[in-house]
Amino acid sequence: MNILVCISQVPDTTSKIAFTDGNTKFDTNGVQYIVNPSDEWYALVRALELKEGGGGIVTIITVGNADVDPVIRKALAIGADDAVRINSDAKDSYYVAAQIAEYAKTKSFDLIITGNQTIDFNNAEVGGMIAELIGWDYITPCNKLEVNGNVCKIESEVAGSTRVLEAPTPLVISAAKGMAEARIPNMRGIMAARTKPITVVEPAAVSPQVKINVFELPPAKAGVKMIDPENMDELVKLLHTEAKVI
Amino acid sequence: MSVLVFVEAANGKIKKAGFEGVTYAKNTADQLSNSVTAIVFGNADAAEVSSLGEYGATKVLHAKGDVFNNLDAGAFTSAVAAAVEKENADVIIFPFDNSGKAIAPRLSAKLKAGLVSGALSYPTTSGGFKVKKNVFSGKAIAEVEITTAKKIIAFTPNSVGAHKASGSASVEDFAPSVNASKIKLLEVKKQEGDIPLPEAELVVSAGRGMKGPENWAPVEELAKVLGAATACSRPVADAHWRPHHEHVGQTGIAIRPNLYIAIGISGAIQHLAGVNQSKVIVVINNDAEAPFFKAADYGVLGDAFQIVPKLVEAVKKFKASQN
Ligand SMILES: Cc1cc2nc3c(=O)[nH]c(=O)nc-3n(C[C@H](O)[C@H](O)[C@H](O)COP(=O)(O)OP(=O)(O)OC[C@H]3O[C@@H](n4cnc5c(N)ncnc54)[C@H](O)[C@@H]3O)c2cc1C
């Protein structure tokens, strides 16, 4: 199985979120970057498991400048065979999806896996856009994936139910919790990653469709009101009369 | 021109996000002096479908066809695209739920229509078409401008609410030609609990402080008496104490209910990222230093095993007094 895993660089989950230039730019000062959790924990690891079970190649792809190379090395250390970097800023989801679709069209992948959502822009958009642009079927979220020949059996947990679906490759899926367990790279993987190839591809001409004008921080909380644990009637009363939520 | 809104129905009823979607579409259409057409998928009785008129739709297309039975995003995308053409729609509204996440990005790529996912409020349309959305898992908000002629918005459920307008809708069946799907739906397993978490107004959530899955009965009972959905922290889902779909936070789902009750959850930054948009937060924890208290509106310091049953009784008493 020839699998393309799309990864995104995102600020570490504990990063302080602040902005500069009149709140128009994310403040990268002191921010550590990681591979987006669902890309790494679920998409990449499940791809590696499939390869270990049935052979094949796992390629990772990301759209970014040379400063994303450290997170590419991290994904290579976990076990991806090779990496592709489309040499451009990630301008918006459509731009990213179109770059990946252009690349995928020149190769013969059986499966393209993205994480189901990034923790920075929370868009959940790239997988579906790639699928449309290359004309493949798309399933999200994908919480379990088994592959038998060219047939994927997928469990998709949606509000209120779990759908069991079957679809032939080629296919785009977006990986979510349950697909795999996170792996920590070992010394051998880290050493091997240093010499694995990162193919740099120049971007195709694509116009972005949206732009961020300005950021703001959500309003701060007023402070907590402590309630006597023996007096839950009081809490219920406050939720009814003061907060007006019940 | 019109604003088209994607609406889902199941078991004869329009889903809650459907009414909210029509409300969202109505506000947008009013700004642009357009009308609202709803495209409804799934099985809903006639009265239910035409009730979308009360929320501001003037026309309803009820999509029919076996091709939708396999829940293939591609088939829905083709059908919505056909409706966009038929209705000459330039703005398309989806809920940012599982269906919206599967279909809106495909449609965006198909129509070359810029998409904003996770909108928190209505767009503003003078001086550029702008929408506010969550970024960094609720730790910030971004104003995003859509620069294409056609525009798609996926709104966060429970962000604007469903509001009745006056009016009525004409209803017609809609059977666009859509290619047969290669995706087969083999089975749908129903999950426990009747209230889907992403759209719930009230949520009762518990963490590792509950010590084990066998101790969830009081949490579930509290949810039941309140009419709330249940949620949990990540380690609880990781340990399979609770199903994955209950996992909220930065790497689970982000929710914004009116009330979030956190029981035995420490309030780690990654957890808060998924729930800090809740209107009111109640924290029950036996550690005064738990970071969650800083993000809470109401706090109860003490043992959850003592407090939750008392809260259940208090809610029951309150509910009885309301009848
Ligand atoms: C990259 C990354 C992503 C993450 N994403 C998420 C995410 O999406 N969602 C998420 O939830 N976590 C996430 N985490 C994990 C997060 O950091 C915390 O570890 C987790 O939220 C803690 O869960 P908890 O509060 O249930 O458990 P704990 O931190 O163990 O807290 C248990 C709490 O229960 C209280 N308690 C114990 N006994 C009682 C009692 N009898 N009565 C009342 N209170 C009691 C304790 O005082 C404590 O505050 C992520 C971590 C990382 C590194």
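Residues numbered from 1 in each chain as written. Chains lettered and ligands numbered in written order. Predicted model: local features only at pLDDT ≥ 70, side-chain atom pairs only at ≥ 80, totals over all residues. Heavy atoms only, no water.

Caption draft 1: Representation of the pattern of salt bridges in the model. Residue and element names in this part refer to chain B. According to the stated counting rule, one finds 33 salt bridges over all chains in the structure shown. Close ionic contact of E221 with K316 constitutes a salt bridge, the shortest N to O distance being 3.1 Å. Within this pair, whereas E221 is found in helix α5 (residues 217-226), its partner K316 is found in helix α8 (residues 304-322), the two being separated by 95 residues in sequence. Judged by its relative accessible area of 35%, E221 is partly exposed. A relative accessible area of 35% means that K316 is categorised as partly exposed. With a shortest N-O distance of 3.8 Å, K316 and E313 are connected by a salt bridge. In this pair, K316 and E313 are both assigned in helix α8, three residues apart and thus about one turn of the helix distant. (Salt bridge = Lys/Arg side-chain N within 4 Å of Asp/Glu carboxyl O. Helix = DSSP H or I, 4+ residues; strand = E, 2+ residues; numbered from the N terminus. Buried < 20%, exposed > 50% of the residue type's maximum accessible area, 1.4 Å probe, protein only.)

Caption draft 2: Up close: the side chain of A:T13. Secondary-structure assignment places A:T13 in the loop between β2 (9-11) and β3 (19-20). A:T13 sits in the buried class, given a relative accessible area of 12%. A distance of 2.9 Å separates polar atoms of two side chains, one belonging to A:T13 and the other to B:Q270. Not counting chain neighbours up to four residues away, the residues in contact with A:T13 comprise A:I34, A:I119, B:K139, B:Q250, B:I269 and B:Q270. (Polar contact = N/O pair within 3.5 Å; in protein donor to acceptor, adjacent residues only side chain to side chain. Contact = heavy atoms within 4.5 Å.)

Caption draft 3: Expanded view of the domain arrangement of chain B. Residues and elements named next belong to chain B. Its domain assignment divides chain B into domain 1 (2-174) and domain 2 (197-322). Counting residues at the interface gives 11 residues for domain 1, matched by 14 residues for domain 2. Counting each side, the surface lost to burial between domain 1 and domain 2 is near 1100 Å², with a carbon and sulfur contribution of 40%. Across the contact surface, domain 1 and domain 2 share one salt bridge. Where E201 meets K16, a salt bridge forms, and the shortest distance between an N and an O atom there is 3.6 Å. Looking at the side of domain 1 that touches domain 2 residue by residue, the class counts come to three nonpolar, six polar and two charged. (Domains from an automatic or database assignment. Buried area = accessible area lost by both parts, 1.4 Å probe. Nonpolar A, V, L, I, M, F, W, Y, C, P; charged D, E, K, R; others polar.)

Caption draft 4: Structural view of the interface of chain B and chain A. Each partner contributes to the interface: chain B provides 85 residues, whereas chain A provides 75 residues. For the pair chain B and chain A, the two sides together bury roughly 7200 Å², of which 58% comes from carbon and sulfur. If you sort the residues of chain B by the area they bury against chain A, B:R106, B:F136 and B:Y298 come out on top, with a joint share of 12%. Seen at the junction of chain B and chain A, the total is 10 salt bridges. Ionic pairing is found between A:E166 and B:K184, a salt bridge with its closest N-O pair at 3.7 Å. Residues that form the side of chain B that touches chain A fall into these classes: 41 nonpolar, 22 polar and 22 charged.

Caption draft 5: Structural view of the nonpolar core. Ranked by size, the top nonpolar core spans 57 residues in total, and within it A:I112, B:F41, B:F68, B:V80 and B:F94 carry the most contacts. Among the elements that line this core, the one with the most residues is helix α3 (residues 93-105) of chain A, at nine residues. In terms of nonpolar packing, the next biggest core, distinct from the first, is built from 41 residues, A:F215, B:A25, B:L52 and B:F129 among them. (Core = buried A, V, L, I, M, F, W, Y, C linked by side-chain atoms within 4.5 Å.)

Caption draft 6: Broad picture of the environment of A:K16. Tracing the chain through its elements places A:K16 in the loop between β2 and β3. A:K16 sits 18 residues away from A:I34 along the chain, and the two C-alpha atoms are 14 Å apart.

Caption draft 7: Main features of the site of the ligand. Close contacts around the ligand come from 28 residues, with B:S233, B:T251, B:S266, B:Q270 and B:H271 the closest. This site is not confined to one chain, since residues near the ligand come from chains A and B. For the ligand, an oxygen atom lies 2.8 Å from a polar atom in the backbone of B:R208. For the ligand, a nitrogen atom lies 3.3 Å from a polar atom in the backbone of B:N286. Within the complex, 80% of the 980 Å² of free accessible area of the ligand lies under protein. Those elements giving two or more residues to the shell around the ligand turn out to be α6 (234-238), α7 (269-275) and α8 of chain B. When its residues are assigned to classes, the shell around the ligand shows seven nonpolar, 16 polar and five charged. (Near = heavy atom within 4 Å. Areas by Shrake-Rupley, 256 points an atom, 1.4 Å probe, with all protein chains shown as cover.)

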